[in-house]
Amino acid sequence: MSAAEAVGAFDIGGQVPALLLAAGRGERMRPLTDTMPKPLLQVQGQPLLQWHLQALHSAGVEQVVINTAWLGAQISEHFSSLFGLQRLTDKGGQLSISYSHEGVDFGGALETAGGIARALPQLGPIFWLAAGDVFAPDFVFERAAVQAFAASDRLAHLWLVPNPAHNAKGDFGLSADGLALNLAPGDPAPRYTYSTIALLRAELFAPPWCDIPAGNPMGAKAALAPLLRRAMDQGRVSAALYTGRWTDVGTPERLAELNR
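Quick summary incoming for the structure in this document. (Residues numbered from 1 in each chain as written. Predicted model: local features only at pLDDT ≥ 70, side-chain atom pairs only at ≥ 80, totals over all residues. Heavy atoms only, no water.)

## Here's the deal with the environment of Asp211
So, step 1. Within the fold, Asp211 resides in the loop between strand E12 (193–201) and helix H7 (225–233).
So, step 2. By relative accessible area, which is 70% here, Asp211 ends up exposed.
So, step 3. Distance from Asp211 to Ala222, taken between C-alpha atoms, is 9.9 Å for residues eleven residues apart in sequence. (Helix = DSSP H or I, 4+ residues; strand = E, 2+ residues; numbered from the N terminus. Buried < 20%, exposed > 50% of the residue type's maximum accessible area, 1.4 Å probe, protein only.)

Here it is in structure tokens:
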């Protein structure tokens, strides 16, 4: 599909599906996650994952896939297959939810790229990605961002955030013209932290960027960062700096701080 064809494909409604990553064990959150998956932990009165679902619903996204592994049945039992009028006060339509149960299919999580590759048959050529253990209540899943991405030749568009204390060195650079940079070790240019929110093309999960077969039928485990870095080296990843509220809810202390 050409960039022009991609724009046309998303003119109606202007939105694309989303994948929410919710398969992790949450080791650093123990003992809280011994009996409950991290995305269901309460943040300011509701499950952490619900914040993303609300934002996606408000932005007009109609389809969400959630991948699960650790205690995944609790997530699908809690959110079921629809999200909308029964949980939200606005009058928009319902959000359809489907699941990629990595724990059931393979006995455990497939890491980020492996999990995305597994869920691809339930997604489209372009999709939103967000981690279910990140609190970003100000983020808007904008139609305009989808349109701009669809019109480009990028394989990914990342939202970066100022470095938190637990990732002081950051992850990726950001050029003046909006490209994400795979900076060499020792490069003094500023680095920012990947927020775990992105727009992605399914093309990123095929050769030459990724060697996992479509749908990941064998349950291969793979990380996302190496794929992104390969694409960055070819100028195929754009990025923007997001300065709204953002927390990687990775420890009981961070969760307690949010709830204070």
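Text resumes after the structure shown.
## What about the layout of surface pockets?
So, step 1. By volume, the largest pocket amounts to about 810 Å³.
So, step 2. Looking at the largest pocket, it is lined by 34 residues, and the ones nearest its centre are Leu21, Thr112, Ala131, Asp133 and Thr196.
So, step 3. Looking at the lining of the largest pocket, the elements with two or more residues in it are strand E1 (18–22), helix H5 (111–119), strand E7 (126–131), E12 and H7.
So, step 4. When the residues that make up the lining of the largest pocket are grouped by side-chain class, the tally is 16 nonpolar, nine polar and nine charged. (1 Å grid on protein atoms, 1.4 Å probe; cavity = no way out; pocket = protein on both sides within 12 Å on 5 of 7 lines; lining within 4 Å. Points joined across faces, edges and corners; volume = space filled by probe spheres on them. Nonpolar A, V, L, I, M, F, W, Y, C, P; charged D, E, K, R; others polar.)

## Thoughts on helix H3 (residues 72–79)
So, step 1. Residues of H3 that are buried: Gly72, Ile75, Ser76 and Phe79. For H3, the angular spread of buried residues about the axis comes to 90°, placing them on one side. (Arc of directions from axis to C-beta.)

## Looking at helix H6 (residues 143–150)
Residues three or four positions apart in an α-helix share a direction because the helix packs 3.6 residues into each turn.
So, step 1. Those residues of H6 that sit buried are Ala145, Val146, Phe149 and Ala150. With its buried residues spanning 130° around the axis, H6 presents them on a single face. Pointing more than 90 degrees away from the buried face of H6 are the exposed residues Ala144 and Ala148.

## Quick look at the pattern of salt bridges
So, step 1. Summed over the entire model, instances satisfying the criterion amount to eight salt bridges.
So, step 2. For Lys38, the salt bridge is made with Asp133, and the minimal N-O distance between the two is 3.0 Å. On the criterion of sequence distance, the pair formed by Lys38 in the loop between E1 and strand E2 (42–43) and Asp133 in the loop between E7 and strand E8 (134–135) is long-range, its members being 95 residues apart.
So, step 3. What makes Lys38 buried here is its relative accessible area of 8%. (Salt bridge = Lys/Arg side-chain N within 4 Å of Asp/Glu carboxyl O.)

## What to know about the side chain of Ser175
So, step 1. Here Ser175 lies in the loop between strand E10 (173–174) and strand E11 (180–181).
So, step 2. Of note is the side chain of Ser175, whose polar atom sits 2.3 Å from the side chain of Asp177. (Polar contact = N/O pair within 3.5 Å; in protein donor to acceptor, adjacent residues only side chain to side chain.)

Nothing here speaks to function; it is all geometry.
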